[in-house]
Amino acid sequence: MTTTTRHTLVLGGRGKTGRRVAQRLTAMGQPTRIGSRAGQPPFDWEDASTWAPVLDGADAVYISYYPDVAAPGAVEIVGAFARLAVSRDVPRLVLLSGRGEAAAEQAEQAVRESGAALTVVRSTWFAQNFSEDYMLDDVLRGEVVLPASDTPEPFVDADDIADVAVAALTDDRHVREVYELTGPRPLTFAEAVAEIAHATGRDVRYVPVSIEEYTTAAIAQGVPGEVVELLAYLFGEVLDGRNSHVTDGVSRALGRAPKDFADYARDAAASGAWDVPVGTGVDR
Ligand SMILES: NC(=O)c1ccc[n+]([C@@H]2O[C@H](COP(=O)([O-])OP(=O)(O)OC[C@H]3O[C@@H](n4cnc5c(N)ncnc54)[C@H](OP(=O)(O)O)[C@@H]3O)[C@@H](O)[C@H]2O)c1
């Protein structure tokens, strides 16, 4: 008789949260498969024929959808994936969702309606957007140009998101929970950038622009139209103060406080995330 060790499937397992989830599971000795277009077998949200092979042998799935769970089409795609997972006897799903976004909540509902044993990890803006995503280049240049006004946002650390996701993937007590995750204090983007300047010892400034200036510049730089639309939605609609208050999601899930942005900035600076690459001409 052959026995197969069942694994946890981590979609987006090379991304900001998925990478951290996969690292934690592996460190716990939990067999883990990364869902990636470069995986073997490959996984591609845009090609539904790749979904069943990665589900083979899985007992739980971390779902981080790309590009964004609030993007057009996400509800249908994530819902179809969840129905396939449940039909293949993989009902244990942990969905990374977005806070204060009606479209993201529709995606959560589509997954719920599949009959999945679901935990929703509904996150606010990641701190790591400054060090691992679209704000990184601006930080390196010393000017973070955004249409973010002075609305405070309690940025959450991706390490906290991963800790909650791993708890949910490995402990059934989290089934049916919706964890709304924030950091411990709201900061405006100007204050967040000032924390980064302090941690790096470099001159990094926040430069506010209008949504129109921002989208026009992004289009001129060749940012794809759907990404520009998404950023306009996130900055123009979602960042209206609805998400400014802190929540208890991290402590409810983990029994400890979330990480503060100043600690994130200190750790990211120490890791070299904001070291300016030699020869780029942006060394300050
Ligand atoms: N950023 C925020 O502040 C924020 C806040 C709340 C919620 N969220 C949600 O977080 C989710 C993204 O999670 P994340 O930031 O951890 O991920 P991420 O860093 O954006 O990366 C996810 C991975 O997606 C993969 N990918 C790209 N195109 C793909 C495709 N066609 N099929 C399959 N995989 C593809 C890439 O991996 P490969 O190259 O290996 O395929 C990439 O490593 C989104 O759904 C978003 O709504 C984000």
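Refer to the preceding data block for the structure.
So, a few notes on the structure that sits alongside this text. All values reported here derive from a predicted model rather than from experimental measurement.

## Observations regarding the environment of Ala268
Note on placement: Ala268 falls in helix α12 (residues 261-271). Separated by 137 residues in the primary sequence, Ala268 and Ser131 have C-alpha atoms spaced 7.1 Å apart. When residues no more than four places from it in sequence are discounted, the contact partners of Ala268 are Ser131, Ala273 and Trp274.

## Let's talk about the site of the ligand
With respect to spatial proximity, 24 residues lie near the ligand, and among them Lys16, Thr17, Ser36, Arg37 and Tyr65 are the closest. Note that an oxygen atom of the ligand is positioned 2.6 Å from one of the side-chain N or O atoms of Ser36. Between an oxygen atom of the ligand and a main-chain N or O atom of Phe126, the distance comes to 2.9 Å. Starting from 930 Å² of accessible surface for the ligand in isolation, the protein chains cover 88%. Mapped onto the shell around the ligand, the elements with two or more residues apiece are α1 (16-27) and β4 (92-98).

## As for the packing of helix α3 (residues 74-87) against helix α4 (residues 102-113)
Between α3 and α4, whose axes approach to 8 Å, the crossing angle comes to 20°. Comparing the axis directions of α3 and α4 gives the class roughly parallel. Considering how the two elements wind past one another, α3 and α4 form a crossing that is right-handed. Side by side, α3 and α4 meet where Val75, Val78, Gly79 and Ala82 of the first sit next to Ala103, Gln106, Ala107, Ala110 and Val111 of the second. Among the residues forming the contact of α3 with α4, the class breakdown is seven nonpolar, two polar and no charged.

## Points about the nonpolar core
Side chains that are nonpolar tend, in soluble globular proteins, to be buried together. Phe130, Leu146, Phe155, Phe189, Phe235, Phe261 and Trp274 are the most contacted members of the largest nonpolar core, which has 36 residues in total. Among the secondary structure elements, those contributing two or more residues to this core are α6 (136-141), β6 (143-146), α8 (189-200), α10 (225-238) and α12. A total of six residues in this core trace back to one element, the largest contributor, which is α10. Beyond its immediate sequence surroundings of up to four residues, Trp274 is in contact with Phe130, Ser131, Leu136, Val139, Leu140, Ile196, Thr200, Arg202, Tyr264, Ala265, Ala268 and Ala269. One finds Val54, Ile63, Phe81 and Val120 within the second-largest nonpolar core, a separate group that totals 23 residues.

## Things to note about the pattern of salt bridges
Taken as a whole and assessed by the stated rule, the structure comprises 26 salt bridges. For Asp56, the salt bridge is made with Arg88, and the minimal N-O distance between the two is 3.4 Å. Here Asp56 is found in the loop between α2 (51-55) and β3 (58-63), whereas its partner Arg88 is found in the loop between α3 and β4, with 32 residues between them in sequence. Relative accessible area serves as the criterion here: at 38%, Arg88 is assigned to the partly exposed category. Notably, a salt bridge pairs Asp157 with Lys259, separated by 4.0 Å at the nearest N-O pair. With Asp157 in the loop between β6 and α7 (158-170) and Lys259 in the loop between α11 (249-254) and α12, this residue pair connects regions lying 102 residues apart in the sequence. Given the relative accessible area of 2%, Asp157 is considered buried. Classification of Lys259 by relative accessible area gives partly exposed; the value is 21%. The structure contains a network of salt bridges with shared partners spanning Arg19, Arg20, Arg24, Glu132, Asp159, Asp160, Asp163 and Arg256.

Conventions we followed
- Counting restarts for each chain, with residues numbered from 1 along the sequence as it is written.
- Confidence filtering applies because this is a predicted model: local features only for residues at pLDDT of at least 70, side-chain atom pairs given and counted only at 80 or more, and all residues used for totals across whole chains, interfaces and linings.
- The side-chain numbers reported here are obtained from all heavy atoms of the structure, hydrogens and water having been left aside.
- Only runs of H or I of at least four residues qualify as helices and only runs of E of at least two qualify as strands under DSSP, and these elements are numbered from the N terminus.
- Every residue pair with non-hydrogen atoms within 4.5 Å of one another is taken to be in contact.
- Whether a residue is near a molecule or strand depends on its heavy atoms: it is near if one of them lies within 4 Å of it.
- In protein, a polar contact means a hydrogen-donor-capable atom and an acceptor-capable atom, both N or O and within 3.5 Å, with residues adjacent in sequence counting only if both atoms are side-chain atoms; elsewhere, any N or O pair within 3.5 Å suffices.
- Residue burial considers only the protein chains on display, and all accessible areas are found by Shrake-Rupley using a 1.4 Å probe.
- Axis lines are fitted through C-alpha atoms, for helices just across the contact stretch, and the angle between N-to-C directions can take any value from 0 to 180 degrees.
- In these notes the angle categories are as follows: under 35 degrees is roughly parallel, over 145 is roughly antiparallel, 65 to 115 is roughly perpendicular, and the rest is oblique.
- A clockwise turn of the near helix away from the far one marks a right-handed crossing, whereas an anticlockwise turn of less than a right angle marks a left-handed crossing.
- Amino acids outside the nonpolar list (Ala, Val, Leu, Ile, Met, Phe, Trp, Tyr, Cys, Pro) and the charged list (Asp, Glu, Lys, Arg) are all regarded as polar, and Gly is one of them.
- Only buried residues count toward a nonpolar core. Its members are Ala, Val, Leu, Ile, Met, Phe, Trp, Tyr and Cys residues joined through side-chain atoms within 4.5 Å.
- For every residue, the accessible area obtained with a 1.4 Å probe (protein chains only) is divided by the maximum for its type, and the residue is called buried under 20%, exposed over 50%, and partly exposed between those limits.
- Salt bridges are identified by distance alone: a Lys or Arg side-chain nitrogen within 4 Å of an Asp or Glu carboxyl oxygen.

So yeah, pure geometry; function would need other evidence.
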